[in-house]
Amino acid sequence: HAAIGTRLMQAYGEDCAEIAAEIALHFEHARARGKAAQLHCVAAGKALQHHAPKEALQHASQGLALQSQMAGGGHVELQFDLLLHSSTALLSLSGFGAPEVESTLLQALQLAPRLPDDKVVAPILSGLYNLYFTRASFAQVLEIAERVRSIQGEDSVLHMLAHNISGTWELY
């Protein structure tokens, strides 16, 4: 199965994302968990692009399950990406206030300090802000606002998020 997966990746080249789910299964059968988890992440991203949150959640969940079976827990960046895909899919399926959305976002937020790029925290903080605002959990909204302000620096995405939070907060 590993040979089939490798051959499919070579044959499709840059377009292998189109059949990432199929290739992931081959690597799973070959017990190449790391490669299978990466491909499930690609398949989850592709499913989100096609507005298929159920499929995205299945792929992200499978990727996370494979990651947990790896020695050392796998790669932090891949785990973060899988959690981000999961939270996006859960948001579509369950809504902003769902407890599973919150727990997934909080898991991703815990991984953020271990990532090389600190800009990746913006979508997580934005998701948590929207979740807490939807729930009218204003104490938590203020915590997110303070966190964004404290780390925004020159980052334009975080700067925009800080303005969005401030503007929305002032509106209500």
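Just above, that's the structure.
These numbers come from a predicted model, not from an experiment.

A. Here's a closer look at the overall build of the protein. Helix and strand counts for the protein stand at 9 helices and 0 strands. Walking the protein from its N terminus toward its C terminus, one meets helices and strands in the order α-α-α-α-α-α-α-α-α. Across its three principal axes, the protein shows a C-alpha extent of roughly 55 × 30 × 30 Å. Residue burial in the protein is summarised as follows: out of 172 residues, 41% are buried. Partitioning the contacts of the protein with sequence separation of at least 6, the portion at a separation of at least 24 is 52%. On the protein, roughly 9500 Å² of surface is accessible, and the fraction owed to carbon and sulfur atoms is 53%. Counting 11 positive and 17 negative side-chain charges, the protein places the centres of these two groups 7 Å from one another.

B. Here's a closer look at the packing of helix α7 (residues 121–135) against helix α8 (residues 138–151). Where α7 meets α8, the closest approach of the two axes is 8 Å, and the angle between their N-to-C directions is 155°. Viewed along their axes, α7 and α8 adopt a mutual orientation that is roughly antiparallel. Crossing of α7 against α8: the hand is left-handed. Every residue of α8 that contacts α7 at Val121, Leu125, Leu128, Tyr129, Tyr132 and Phe133 is listed here: Phe138, Gln140, Val141, Ile144, Arg147, Val148 and Ile151.

C. Quick peek at the side chain of Glu102. Structurally, Glu102 can be placed in helix α6 (residues 99–111). Residue class for Glu102 comes out buried when judged on its relative accessible area of 16%.

D. Representation of the nonpolar core within the structure. Membership of the largest hydrophobic core comes to 34 residues, with the highest contact counts inside it found for Phe80, Ile124, Leu125, Leu128, Ile144, Val148 and Ile165. Listing elements by their share of this core, those giving two or more residues are α4 (53–69), α5 (76–94), α6, α7, α8 and α9 (156–171). For this core, the leading source of residues is α7, giving 9 residues. Within the second largest apolar cluster, 17 residues are counted, among which are Ile19, Ala20, Ala24 and Ala43.

Rules behind the numbers
- Residues numbered from 1 in each chain as written.
- Predicted model: local features only at pLDDT ≥ 70, side-chain atom pairs only at ≥ 80, totals over all residues.
- Heavy atoms only, no water.
- Helix = DSSP H or I, 4+ residues; strand = E, 2+ residues; numbered from the N terminus.
- Buried < 20%, exposed > 50% of the residue type's maximum accessible area, 1.4 Å probe, protein only.
- Contact = heavy atoms within 4.5 Å.
- Areas by Shrake-Rupley, 256 points an atom, 1.4 Å probe, with all protein chains shown as cover.
- Lys, Arg positive; Asp, Glu negative; His and termini not counted.
- Charge placed at Lys NZ, Arg CZ, Asp CG, Glu CD.
- Axes fitted to C-alpha atoms, helices over the stretch in contact; angles between N-to-C directions.
- Parallel < 35°, antiparallel > 145°, perpendicular 65-115°, else oblique.
- Left-handed = near helix turned anticlockwise from the far one by under 90°.
- Core = buried A, V, L, I, M, F, W, Y, C linked by side-chain atoms within 4.5 Å.

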